[in-house]
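For reference, the chains in residue letters:
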Amino acid sequence: MQIYLNGAPKDTACQNLYELIQELALEGKRFAVELNEQIVPKSKLAQYQLSDQDRIEIIHAVGGG
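Keep in mind it's a predicted model, so treat the numbers as computed, not measured.

## Notes on the pairing of strand β2 (residues 8–11)
If a strand is regular, its side chains alternate between the two faces of the sheet. Of the pairings in the sheet, the one linking strand β1 (residues 2–5) to β2 comprises four bridges and is antiparallel in character. Paired with Leu5 across the bridge in β2 is Ala8.

Spelled out as C-alpha cells, the structure:
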C-alpha cells in the first residue's frame, strides 16, 4: 500500500503504526506520531491499523541548547 510519510509518498507492507516505527528504526527514540491529523499515543501505536493513502507525520524530538 502507499502512505504519505511527512508529506512524501512511501510504499510499505506495514500493517500498523508500531510496525512502521520499527521499520523506520525509531523504536526507543523520542518522537510524536500523527495519523490523518490525529495525535497517536505511543502506547497505542499497535492498535492503529494503516490503510492505503493514510497521512502520517512523525516529529523527532531533538535536544540541544
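## Concerning the pairing of strand β5 (residues 55–60)
Bridge count between β1 and β5: two bridges; the pairing is parallel. The residue of β5 that forms the bridge with Tyr4 is Arg55. Bridge analysis of strand β3 (residues 31–35) against β5 gives five bridges, and the strand direction is antiparallel. Residue pairing for β5: Phe31 is matched across the bridge by His60.

Cut-offs and rules
- Residues numbered from 1 in each chain as written.
- Predicted model: local features only at pLDDT ≥ 70, side-chain atom pairs only at ≥ 80, totals over all residues.
- Heavy atoms only, no water.
- Pairing = 2+ DSSP bridges.
- Helix = DSSP H or I, 4+ residues; strand = E, 2+ residues; numbered from the N terminus.

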